[in-house]
Amino acid sequence: MGRFEVVGEDAIRNGECTDVYFQRVVKVMEQDGVNPQVTMEVTAASLPDPWAVFCGLDDAINLLEGLPVDVDAMPEGSIFYPNEPVIRISGRYRDFAVYETAILGFLCHASGVATAAAHMKVAAAGRPVYSFGSRRQHPAIAAMIERAAWIGGVDGVSNTAAPEGIPLAGTMPHAFVMCYPTPEDAWLAFAHGAGPDVPRVMLADTFSDEKDEAVRAAACGAEAVRLDTPRSRRGDLRVIVAEVRWELDIHGYPGVKIFLSGGLTRADVAAYHDIVDAFGIGGAIANAPVIDFALDIVELKGRPFAKRGKRSGVKQVYELTDGQRLTLPAQTPAPKDAVPLLIPCVRNGVPVVRPKMEDARERVLSRLQAPALRR
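What counts as what
Residues numbered from 1 in each chain as written. Predicted model: local features only at pLDDT ≥ 70, side-chain atom pairs only at ≥ 80, totals over all residues. Heavy atoms only, no water. Helix = DSSP H or I, 4+ residues; strand = E, 2+ residues; numbered from the N terminus. Polar contact = N/O pair within 3.5 Å; in protein donor to acceptor, adjacent residues only side chain to side chain. Contact = heavy atoms within 4.5 Å. Pairing = 2+ DSSP bridges. Axes fitted to C-alpha atoms, helices over the stretch in contact; angles between N-to-C directions. Buried < 20%, exposed > 50% of the residue type's maximum accessible area, 1.4 Å probe, protein only. Parallel < 35°, antiparallel > 145°, perpendicular 65-115°, else oblique. Left-handed = near helix turned anticlockwise from the far one by under 90°. Nonpolar A, V, L, I, M, F, W, Y, C, P; charged D, E, K, R; others polar.

**Student:** Even after reading the chapter, I still don't get the side chain of threonine 171, so can you show me in this structure?
**Tutor:** Locating threonine 171 in the fold gives a position in the loop between strand 7 (156–157) and helix 7 (174–178). Among the polar contacts made by the side chain of threonine 171, one reaches the side chain of arginine 226 at a distance of 2.6 Å. Ignoring any residue separated from it by four or fewer positions in sequence, one finds threonine 171 in contact with Phe190, Val201 and Arg226.

This is the structure:
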């Protein structure tokens, strides 16, 4: 361990970040010479919502690279449903047993964040959504949080450690406004001093009524005003936003947009997307429920084999021409014109695909237009 309580990449790669029982049983199996050929599948019996977004595959492939295993998986950014296998691993059990904890951690967490982001985009009905929640998670995983949120469809992220290629977005903290003699001094300083590519979004709720500060910020050159704390006044948030919109319009600032943040839920975004121009989302994305994946043996020594509660046999998930999904035993002939969703990713430890973040994001965004996903 170093200065901070984080686990390094080498420890994860070496299988040292695992549940202790894996180490114990592997030792016993080594003593007994037991190391059967198995196929294991990752599935989720239930989801927080009817559908979810598969994310974290890139890390899983990087972890398994070099091990004597084969991996097949849905492409990153795929939409999946309960009980559909999203990834399968074939090899001798002892060769990858200690990696189960890390594999599930990669997939459960990233898929949860990407899923929350995708559902938030649906709720926003075309309004921009930004990931502002990396501060709600450990900084060591900020890049993962922002990558998963971007794949899930957000329009930008706030953390500077986000992977290259993701646009950064942010406004200003209340502390900035408070460090100047008046809010006007702060807004003008920002308008004059921020870089030319930085949108002039002014925080408009530090001291005074939101509609008052919004109009004053607009007079200082605001392109948009950000409301972050109106809920703390125990008022009706919709009424407050509508008042701000009215006052901006009547004072000659119809082009000044309203940016809403501060503990927003998906229900809030769905409720206010008609009167708000953009949303900053914190914990509702970054602290999203993880996807409760499990990794289970479905084939042992070449024959179907599973514990109770699980379906034995290697499976394939097909997308049919009408958009419906069908999970069948892998040896069953594919339905006519159906598309198999699990594809080869690793063969004997050698990656045959490398997930690309932008491809995964486009895969999500293209599917979010489907009527079935927008309900």
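After that view, the rundown keeps rolling.
**Student:** Sorry, what's going on with the sheet that holds strand 6 (residues 129–131) here?
**Tutor:** Hydrogen bonds between backbone groups are what pair the strands of a sheet, and the pairing can be parallel or antiparallel. Pairing within the open sheet is parallel, and its six strands lie in the order 7-6-11-10-9-8. Two strands close off the open sheet at either side, each with one partner strand: strand 7 and strand 8 (201–203). Two elements, strand 6 and strand 11 (residues 278–281), share three bridges in a ladder whose sense is parallel. Each residue of the ladder has a partner; that of tyrosine 130, found in strand 11, is glycine 280. Together, strand 9 (224–227) and strand 10 (257–260) form the strand contacts of helix 10 (residues 237–250), whose direction differs from that of strand 10 by roughly 155 degrees.

**Student:** Could you clarify how one ought to interpret the environment of alanine 110 in this entry?
**Tutor:** Assignment of secondary structure puts alanine 110 in helix 5 (residues 100–124). A residue is classified by how much of its surface remains accessible, and alanine 110, at 3% relative accessible area, is buried. In this structure the C-alpha to C-alpha distance between alanine 110 and alanine 149, which are 39 residues apart in sequence, comes to 8.3 Å.

**Student:** What's the story with the pairing of strand 10 in this structure? I'm lost.
**Tutor:** One face of the sheet, then the other: side chains in a regular strand alternate in exactly this way. With four bridges joining them, strand 9 and strand 10 adopt parallel strand pairing. In the strand pairing of strand 10, alanine 224 is matched with lysine 257. Two elements, strand 10 and strand 11, share two bridges in a ladder whose sense is parallel. If you follow leucine 260 over to strand 11, its bridge partner there is phenylalanine 279.

**Student:** Explain the packing of helix 3 (residues 57–64) against helix 5 here, please?
**Tutor:** Think of two packed helices as two axes; the pair is described by the angle between the axes and how far apart they sit. The interhelical angle for the contact between helix 3 and helix 5, taken along N-to-C directions, is 160 degrees, at an axis separation of 8 Å. For the element pair helix 3 / helix 5, the angle class is roughly antiparallel. In this structure, helix 3 crosses over helix 5, and the sense of that crossing is right-handed. Side by side, helix 3 and helix 5 meet where Leu57, Asp59, Ala60, Leu63 and Leu64 of the first sit next to Ala102, Ile103, Phe106 and Leu107 of the second. Of the residues contributing to the contact of helix 3 with helix 5, the split by class is eight nonpolar, no polar and one charged.

**Student:** I'm lost on helix 3 in this one. Help?
**Tutor:** Since the α-helix turns once every 3.6 residues, residues separated by three or four places project in the same direction. Counted residue by residue, helix 3 has six buried out of eight residues, so it is predominantly covered. Taken residue by residue, helix 3 has Leu57, Asp58, Ala60, Ile61, Leu63 and Leu64 as its buried positions. Where helix 3 ends, the next residue or the one after it, glycine 66, has phi of about 90 degrees, a positive value.

**Student:** Would you mind going over unusual backbone geometry with me for this structure?
**Tutor:** A negative phi holds for most residues other than glycine; trans holds for most peptide bonds. For alanine 125, which is not glycine, the phi dihedral falls at a positive 50 degrees. Mapping alanine 125 onto the fold places it in the loop between helix 5 and strand 6. Phi at lysine 301 is positive, roughly 55 degrees, even though this residue is not glycine. With respect to the helices and strands, the residue lysine 301 is situated in the loop between strand 12 (293–300) and strand 13 (303–304).

Any functional reading would require information beyond the geometric quantities listed.
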